[in-house]
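# Examining the three-dimensional arrangement
If you want the building blocks of each chain, they are given just below.
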Amino acid sequence: MPTVLLSSLFTVSLLANILLIYQNKTSNLHTVTEVKDGDTVVIDNNELIRLAGIDAPELSYCGGQESKSFLDNLVNGQKVRLTKVGMDKYARTLAILTLYDLNVNQAMLTAGWAVYATYSGPDRDKMNQAGNQAKSDAKGLFALCRSGPDEPNCKIKGNINRTLKSYFLPSCSNYDQ
């Protein structure tokens, strides 16, 4: 009788542990309900999530709408895994988003729709490398919003703030703004 009891307790304990592990793995899965811009989303609990380690242009800047559209097509309505890494100065949760096995933050860099921002997480080297490769391959923002004209008579407009220089070519969606 004690052997049957021990065996039953072991089985119940094993099943409970499996359930706890499953709940832990799925508890950080959330559905993206809105994409605000190229580096910020809203998830199913109305939490604002800022993608860690990347910086995408504001919607009114060159490539801002395109960056948002790329992220929107990638994650809106999808279940993503959040790996929270902190909070930013606007009280948004900083996180790495994973869609299946795809690091969404890194995908934005690889496609060139965001630039690498200082980040101290485990994928920082891969993310930095992806951003540098997109720049050298002239992908995304680096193709759309170059810092120099295509031809000598091309008129570019510029905007300079403390840390960022933005150049707008006539082909950019917000050139006339």
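Values in this document were obtained by computation on a predicted structure and should not be read as measured data.

What the protein chain contains, in helices and strands, is five helices and 10 strands. Counting across all 177 residues of the protein chain, residues that qualify as buried make up 36%. A sequence separation of at least 24 residues applies to 52% of the contacts in the protein chain between residues at least 6 apart. Total accessible area computed for the protein chain in this model is approximately 11,100 Å², and 54% of it derives from carbon and sulfur atoms.

Evaluation of the coordinates by the stated rule reveals one disulfide. In this model C62 forms its disulfide with C145; the gap between the sulfur atoms is 1.9 Å. Between C62 and C145, the S-S torsion sits near -90°, and that sign places the bridge as left-handed. Here the residue C62 occupies a position in the loop between strand 4 (54–55) and helix 2 (64–75), and C145 occupies one in the loop between helix 5 (141–144) and strand 9 (157–160), the gap between them amounting to 83 residues. This pair shows no difference in class: C62 is buried, exactly as C145 is.

Attention now moves to the pattern of salt bridges. Going through the model one piece at a time under the given rule, you end up with five salt bridges. Here K84 makes a salt bridge to E47, at a shortest N to O gap of 3.5 Å. Of this pair, K84 sits in strand 5 (residues 79–87) while E47 sits in the loop between strand 2 (40–43) and strand 3 (48–51), and the two are 37 residues apart along the sequence. Between R92 and D88 there is a salt bridge, and its shortest N-O distance comes to 2.6 Å.

Okay, the confidence of the model for the protein chain next. Any region with low pLDDT has predicted coordinates that should not be read closely. Mean pLDDT over the protein chain works out to 81, with 67% of the residues at or above the 70 mark. For the stretch residues 148–153, pLDDT sits under 50, and the model shows four contacts to residues farther than four places along the chain or on other chains.

Further remarks concern the nonpolar core. One finds V41, L51, L71, V75, L97 and V104 to be the most contacted residues of the largest nonpolar core, which totals 32 residues. Among all residues touching L51, those that are not within four sequence positions of it are D39, T40, V41, L71, A95, L97, V104, N105 and M108.

To continue, consider the side chain of D37. Tracing the backbone shows D37 in strand 1 (residues 29–37). Although D37 lies buried, it forms no salt bridge, and the closest oppositely charged side chain, R92, sits 5.4 Å away as judged by the N-O distance. Engagement of the side chain of D37 in a polar contact is seen with the backbone nitrogen of D39, the distance being 3.0 Å. Of the polar contacts made by the side chain of D37, one reaches the backbone nitrogen of T40; its length is 3.0 Å. Leave out the neighbours within four places in its chain, and D37 touches E58, L59, K68 and L71.

The subject of this paragraph is the pairing of strand 2. Within a regular strand, side chains alternate between the sheet's two faces. Across the two faces of strand 2 the burial is the same, with T40 and V42 and V41 and I43 all buried. Relative to strand 2, strand 1 runs antiparallel, the two sharing four bridges. The residue bridging V35 from the neighbouring strand is V41, located in strand 2. Counted along the chain from strand 2 to the antiparallel partner strand 3, the turn is four residues long, and its residue N46 has a positive phi close to 65°.

A word on helix 2. The end-to-end C-alpha separation of helix 2 is 17 Å, in line with the 16 Å expected for 12 residues at 1.5 Å each. G64, S67, L71, L74 and V75 are the residues of helix 2 that are buried. Angular distribution of buried residues about the axis of helix 2 spans 100°; they occupy a single face of the element. Note on helix 2: the residue one or two positions beyond its end, G77, has a positive phi of about 85°.

Cut-off values and rules
- Residues numbered from 1 in each chain as written.
- Predicted model: local features only at pLDDT ≥ 70, side-chain atom pairs only at ≥ 80, totals over all residues.
- Heavy atoms only, no water.
- Helix = DSSP H or I, 4+ residues; strand = E, 2+ residues; numbered from the N terminus.
- Buried < 20%, exposed > 50% of the residue type's maximum accessible area, 1.4 Å probe, protein only.
- Contact = heavy atoms within 4.5 Å.
- Areas by Shrake-Rupley, 256 points an atom, 1.4 Å probe, with all protein chains shown as cover.
- Disulfide = S-S within 2.5 Å.
- Salt bridge = Lys/Arg side-chain N within 4 Å of Asp/Glu carboxyl O.
- pLDDT = per-residue confidence, 0-100.
- Core = buried A, V, L, I, M, F, W, Y, C linked by side-chain atoms within 4.5 Å.
- Lys, Arg positive; Asp, Glu negative; His and termini not counted.
- Polar contact = N/O pair within 3.5 Å; in protein donor to acceptor, adjacent residues only side chain to side chain.
- Pairing = 2+ DSSP bridges.
- Expected span 1.5 Å × (residues − 1).
- Arc of directions from axis to C-beta.

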